[in-house]
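Below, each chain spelled out in residue letters.
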Amino acid sequence: RHNRFVISFYGWNHADKFITAWRAAGFRIVGHFVFAKHYASRRGFTEARHECAYLLAKGNPQTPAHALPDVMPWGKYTGNRLHPTQKPLEIPRPLIKSFSDIGDVVLDPFAGSGSTLLAARQLHRSWIGIEMDATYHRHAANRLTINQ
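Just so we're clear, the structure is a prediction, and the values are computed from it rather than from any experiment.

A.B. asks: Please clarify how a nonpolar patch on the surface should be interpreted in this entry.
C.D. replies: Nonpolar side chains collect at one region of the surface, where V105, L107, I128 and I130 lie side by side and expose about 370 Å² of accessible area between them. By secondary structure assignment, the location of V105 is in strand β7 (residues 105–108).

Below, the structure is given as structure tokens:
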């Protein structure tokens, strides 16, 4: 929606494609988050010890009452039991709290294990989740049912 935020996690090696798509859709970059992990999720030329997300805006949304730091700890390791990129609830909660209001709708078009949806519900936001993989969809649906 106009005058609202989007938070998009992305693969650093595809940042150029994401940025091009966001701009084409009318978004502008207004911030960037780094979530520092205490473990390596992958090893190659480097050890992958962080996740990144861009803060995007459409229009001119209000600045949040409490700005979040742009570097935050990842929190507890989930074990990725439900999804290969499963996020602990400590990641979406402060983002949803800062960049949406009670009653707003939180959309997660890549819902995975449902962490964002569960956090949205806990923070009294409505939510819409989309997940094309039937196994991950089932995990998210079960998780939302169990944690009602």
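A.B. asks: Just to check I follow, could you spell out the packing of aromatic side chains for this structure?
C.D. replies: Within a pair of aromatic rings, the relevant descriptors are the distance that separates the centres and the angle that separates the planes. Scanning the entire structure with this criterion turns up 9 aromatic pairs. When the ring of F9 is compared with that of F35, the centres are 5.6 Å apart and the planes differ by 25 degrees; the resulting orientation is stacked. With a gap of 26 residues between them, F9 in strand β1 (residues 4–9) and F35 in strand β2 (residues 28–36) connect regions that are remote in the sequence. Accessibility expressed as a relative area gives 24% for F9, which makes it partly exposed. Among the aromatic residues, those joined into a ring-pair cluster are F5, F9, F33, F35, W74 and F99.

A.B. asks: I tried to follow the pattern of salt bridges on my own but got confused; where do I start?
C.D. replies: Side-chain pairs of opposite charge can arise where the charged atoms are in close proximity. Within the structure shown, the criterion is met by 5 salt bridges. A salt bridge links R4 to D101, with the shortest nitrogen-to-oxygen separation between them at 3.9 Å. In this pair, R4 is assigned in strand β1 and D101 in the loop between α2 (92–99) and β7, connecting sequence segments 97 residues apart. The residue E47 makes a salt bridge to R43 at a minimum N-O spacing of 3.0 Å. Classification of R43 as exposed rests on a relative accessible area of 59%.

A.B. asks: Looking at this model, I keep getting lost on the pairing of β2. Mind explaining?
C.D. replies: Looking along a regular strand, one sees the side chains alternate between the two faces of the sheet. As judged from the 8 bridges shared by β2 and strand β5 (residues 50–58), these two strands associate in the antiparallel manner. Across the sheet, I29 pairs through a bridge with L56, a residue of β5. In terms of strand pairing, β2 meets strand β6 (residues 71–73) through 3 bridges, oriented parallel. Within β6, the position partnered with A36 by the bridge is P73.

A.B. asks: Explain the packing of α2 against helix α3 (residues 115–122) here, please?
C.D. replies: In a pair of packed helices, the angle between the axes and the distance between the axes together describe the arrangement. The geometry of α2 relative to α3 is characterised by a closest axis approach of 9 Å and an angle of 50 degrees between their N-to-C directions. Here α3 runs oblique to α2, going by the angle between their axes. Judged by the twist between their axes, the crossing of α2 over α3 is right-handed. Here P92, R93 and I96 of α2 come into contact with α3, specifically with S115, T116, A119, A120 and Q122. Considered class by class, the residues forming the contact of α2 with α3 number 4 nonpolar, 3 polar and 1 charged.

A.B. asks: Sorry if this is basic, but what is going on with the sheet that holds β2 here?
C.D. replies: Within a sheet, neighbouring strands are paired by backbone hydrogen bonds and run either parallel or antiparallel to one another. Pairing in this open sheet of 4 strands is mixed, and the strands run β1-β5-β2-β6 from one edge to the other. Among the strands making up the open sheet, the edge pair consists of β1 and β6. The mean inter-strand angle of the sheet, taken between neighbouring strand axes irrespective of direction, is 25 degrees. Each of β1, β2 and β5 touches helix α1 (residues 15–24); the most contacted strand, β5, lies at about 15 degrees to it. Running over the sheet, α2 touches β1, β2, β5 and β6 and is turned about 160 degrees from β1.

Basis of the calculations
All residue numbers here refer to positions counted from 1 along the written sequence of the relevant chain. The model is predicted, so local features are restricted to residues of pLDDT at least 70 and side-chain atom pairs to those at 80 or more, both for listing and for counting; the totals for chains, interfaces and linings are taken over all residues. Heavy atoms from the whole structure form the basis of all side-chain values; hydrogens and water molecules are not counted. Only residues above 30% relative accessible area that lack a salt bridge enter a patch, with like-charged residues linked at up to 9 Å and the nonpolar side chains Val, Leu, Ile, Met, Phe, Trp and Tyr linked at up to 5 Å. Every accessible area reported is derived by Shrake-Rupley at a probe size of 1.4 Å, with residue values counting cover from the shown protein chains alone. By definition here, a salt bridge exists when the distance from a side-chain nitrogen of Lys or Arg to a carboxyl oxygen of Asp or Glu is within 4 Å. In this text, helices come from DSSP runs of H or I with a minimum length of four residues, and strands from runs of E with a minimum of two, each type numbered from the N-terminal end. Note on ring pairs: Phe, Tyr and Trp rings are taken, using the six-membered ring of Trp, and paired if centres are within 6.5 Å. Classes follow the plane angle, with under 30 degrees stacked, over 60 edge-to-face and the rest tilted. Exposure is judged per residue with a 1.4 Å probe applied to protein chains only, and the accessible area is read against the type maximum: over 50% gives exposed, under 20% gives buried, and values in between give partly exposed. A strand pair is defined by DSSP finding two or more bridges across the two strands. In this description, a line fitted to the C-alpha atoms serves as the axis of each element, helices being fitted only across the stretch in contact, and the angle between N-to-C directions of two axes falls anywhere from 0 to 180 degrees. Angular relationships are summarised with four words: roughly parallel below 35 degrees, roughly antiparallel beyond 145, roughly perpendicular across 65 to 115, and oblique for the angles in between. Working rule for handedness: look at the near helix, and if it is turned counterclockwise from the far one by less than a right angle, call the crossing left-handed; if clockwise, right-handed. Contact definition: two residues touch when any of their heavy atoms are within 4.5 Å. Amino acids outside the nonpolar list (Ala, Val, Leu, Ile, Met, Phe, Trp, Tyr, Cys, Pro) and the charged list (Asp, Glu, Lys, Arg) are all regarded as polar, and Gly is one of them.

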